[in-house]
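What follows is the residue order along each chain.
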Amino acid sequence: MSKVEEFEELRPLLFSIAYRILGSVSEAEDAVQETWLRFDGSSTRPTSTKAFLSAAVTRISIDVLRSARVRREEYVGPWFPEPLLSDPYQDPARSVELADSVSMAALLLLERLSPLERAAFLLREVFGFGFDEVAAAVGRSEAACRQLVVRARRHMEAGRPRFEADRQERQELAKRFFDALKNGDVGGLQNLLAADVQLVGDGGGKAPQLARAIIGAENVARLLGTVYPWMSRIEVTFELHEVNGQPGAIFRDRDGKVIHTMALDVLDGQIQAIRSVLNPDKLEHIGPVADAWAINRELKQARRQRG
């Protein structure tokens, strides 16, 4: 195969590695493009193109993550990863690991790891690389990489419950949730929520968002069941869609522009967390983005007019 053909065959894997390290679709795409430039500019062909490209995209992503951490510390409100609607890389032998690792909950846990721990854990535990390949990618010895993975695994296992394995059950619960949301059925919503459910939004100071997380089934159900019927009056709609491998939805204005995404964490037959990404900078890869401030003003005006 030509260089271009080899690279394009591996592009889905490279993007998936970069996205999990960075939590950003746009930064992952940039990292993959930089990897291509390095590969194209190399005068020699590596023994293993997969190993070479995986190492290159990992190193580039680690460098980007180190600089991004300063920005994230100054971020306004909660920081969430950019929503990923579909993972381009598929490996049936590692489908569970890949699905778990791309969820919002898992990506937020990965944020607690150092860049090297994060990269080593992902390459070994999620993508199944050998320790020799991990060592080459992160620039550490195999023994050091084993320690990085052990520490990372300990942090991840301590903080993350595994999601329901039955995808159909999750989707059915999500459908009932969004049906209740559409109908403003507060009781129906509450029945689907865990007692300590959390509703959190990421606006980054660039879109209206909750001042703090809303906690508790009754509080979350009352808020959602009250607000969405008003949103539907100004022609806000939503379409069910997987978000980061979890059931969710994309909300749009009357012109079809994206307002925000919503992802549901489901465990033990209940919704444990509801996470919405409203920051317009994190939605541009999905499509044209709505003016959330204008929608908020229209919503308030509609409520005033109705008394």
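A short note on the nonpolar core
Right, so step 1: Ranked by internal contacts, the top residues of the largest apolar core, which has 49 residues, are Ile17, Tyr19 and Phe127.
Right, so step 2: Those elements that provide at least two residues to this core are helix H1 (3-22), helix H2 (25-41), helix H3 (49-73), helix H4 (95-102), helix H5 (104-110), helix H6 (115-126), helix H7 (131-138) and helix H8 (142-159).
Right, so step 3: Excluding anything up to four places from it in sequence, isoleucine 17 contacts Ser54, Val57, Thr58, Leu123, Phe127 and Phe129.
Right, so step 4: Ranked by size, the runner-up nonpolar core spans 34 residues in total, among them Phe238, Phe251, Leu264 and Leu299.

Examining the packing of H7 against H8
Right, so step 1: As a packed pair, H7 and H8 sit with axes 9 Å apart at the nearest point and diverge in direction by 95°. For the element pair H7 / H8, the angle class is roughly perpendicular. Of H8, the residues touching H7 (which contributes Phe131, Asp132, Val134, Ala135 and Val138) are Glu142, Cys145, Arg146 and Val149.
Right, so step 2: Here the contact of H7 with H8 is built from residues that sort into 6 nonpolar, no polar and 3 charged.

Some remarks on the environment of phenylalanine 7
Right, so step 1: The residue phenylalanine 7 is located in helix H1 in this model.
Right, so step 2: The spacing of phenylalanine 7 and threonine 49 is 42 residues in sequence and 8.2 Å in space, taken between C-alpha atoms.

Side note on H8
Along an α-helix, residues three or four apart share an orientation, since each turn contains 3.6 residues.
Right, so step 1: Taking 1.5 Å as the rise per residue, H8 with 18 residues should run 26 Å; its terminal C-alpha atoms sit 26 Å apart, in good agreement.
Right, so step 2: Buried residues of H8: Cys145, Leu148, Val149, Ala152 and Met156, and no others. Angular distribution of buried residues about the axis of H8 spans 95°; they occupy a single face of the element. Along H8, exposed side chains directed more than 90 degrees from the buried face belong to Ala143, Arg154, Glu157 and Ala158.

Re the confidence of the model for the protein chain
Right, so step 1: On average, residues of the protein chain carry a pLDDT of 93, and 98% of them reach 70 or more.
Right, so step 2: Of all the helices and strands in the protein chain, H4 carries the lowest mean pLDDT, 90, while strand E4 (residues 248-252) carries the highest, 98.

Considering the pattern of salt bridges
Right, so step 1: Using the criterion set out here, one finds 19 salt bridges in the structure.
Right, so step 2: Of the charged contacts in the structure, one is a salt bridge between arginine 38 and glutamate 34, with a shortest N-O distance of 3.4 Å. In this pair, arginine 38 and glutamate 34 are both assigned in helix H2, 4 residues apart and thus about one turn of the helix distant.
Right, so step 3: Assessed through its relative accessible area of 41%, arginine 38 is described here as partly exposed.

Concerning H7
Right, so step 1: Within the sequence span of H7, burial applies to Phe131, Val134, Ala135, Ala137 and Val138. On an axial view of H7, the arc spanned by its buried residues comes to 165°, and they lie on one face.
Right, so step 2: Against H3, H6 and H8 lie the buried residues of H7.
Right, so step 3: In the stretch just after H7, glycine 139 is the one whose phi turns positive, near 75°.

Quick notes on the packing of helix H11 (residues 217-233) against helix H12 (residues 292-305)
Right, so step 1: Running from N to C, H11 and H12 point in directions that differ by 95°, and their axes come no closer than 10 Å. The pairing of H11 with H12 is recorded here as roughly perpendicular in orientation. Judged by residue contacts, Thr226, Trp230 and Met231 of H11 engage Leu299, Ala302 and Arg303 from H12.
Right, so step 2: Tallied by class, the residues present in the contact of H11 with H12 amount to 4 nonpolar, 1 polar and 1 charged.

A look at the side chain of serine 24
Right, so step 1: Structurally, serine 24 is set in the loop between H1 and H2.
Right, so step 2: A relative accessible area of 5% places serine 24 in the buried class.
Right, so step 3: Here glutamate 27 takes part through its backbone nitrogen, which lies 3.1 Å from a polar atom of the side chain of serine 24.
Right, so step 4: In this structure serine 24 touches Tyr19 and Glu82, once residues within four positions along its chain are discounted.

What about the environment of glycine 248?
Right, so step 1: Residue placement: glycine 248 occurs in strand E4.
Right, so step 2: Take glycine 248: its relative accessible area is 4%, and that puts it in the buried class.
Right, so step 3: Residue contacts for glycine 248: discarding those within four places in its chain leaves Phe178, Glu239, Leu240, His241, Glu242, Val243, Met262 and Ala263.

Definitions and cut-offs
Residues take numbers from 1 onward in each chain, read along the sequence in its written order. Owing to the predicted nature of the model, reporting of local features is limited to residues with pLDDT of at least 70; listing and counting of side-chain atom pairs is limited to 80 or more, with chain, interface and lining totals taken over all residues. The basis for every side-chain value is the complete set of non-hydrogen atoms in the structure, without hydrogens or water. Within this scheme, the nonpolar core is defined by two criteria: the residues are buried Ala, Val, Leu, Ile, Met, Phe, Trp, Tyr or Cys, and they are joined through side-chain atoms within 4.5 Å. Partly exposed describes any residue whose relative accessible area lies between the buried limit of under 20% and the exposed limit of over 50%, with all areas from a 1.4 Å probe on protein chains only and scaled to the type maximum. Runs of E in the DSSP output that reach at least two residues are strands. Runs of H or I that reach at least four are helices, and both are numbered from the N terminus. In this analysis, two residues are considered to be in contact whenever any of their non-hydrogen atoms come within 4.5 Å of each other. To define axes, lines are fitted to C-alpha atoms, for helices over the stretch in contact only, and angles between the resulting N-to-C directions are given on a 0 to 180 degree scale. Roughly parallel refers to an angle under 35 degrees, roughly antiparallel to one over 145, roughly perpendicular to one between 65 and 115, and oblique to any angle outside these ranges. Classes in brief: Ala, Val, Leu, Ile, Met, Phe, Trp, Tyr, Cys and Pro nonpolar; Asp, Glu, Lys and Arg charged; the others, Gly included, polar. Expected helix span is computed as 1.5 Å times (number of residues minus one). The directions from the helix axis to the C-beta atoms are what the arc is built from. pLDDT is a per-residue confidence score from the predictor, ranging from 0 to 100. Only one rule defines a salt bridge in this text: a Lys or Arg side-chain nitrogen within 4 Å of an Asp or Glu carboxyl oxygen. Polar contact is the term for a pair of N or O atoms within 3.5 Å; when the atoms are in protein, one must be able to donate a hydrogen and the other to accept it, and sequence-neighboring residues count only if both atoms are side-chain atoms.

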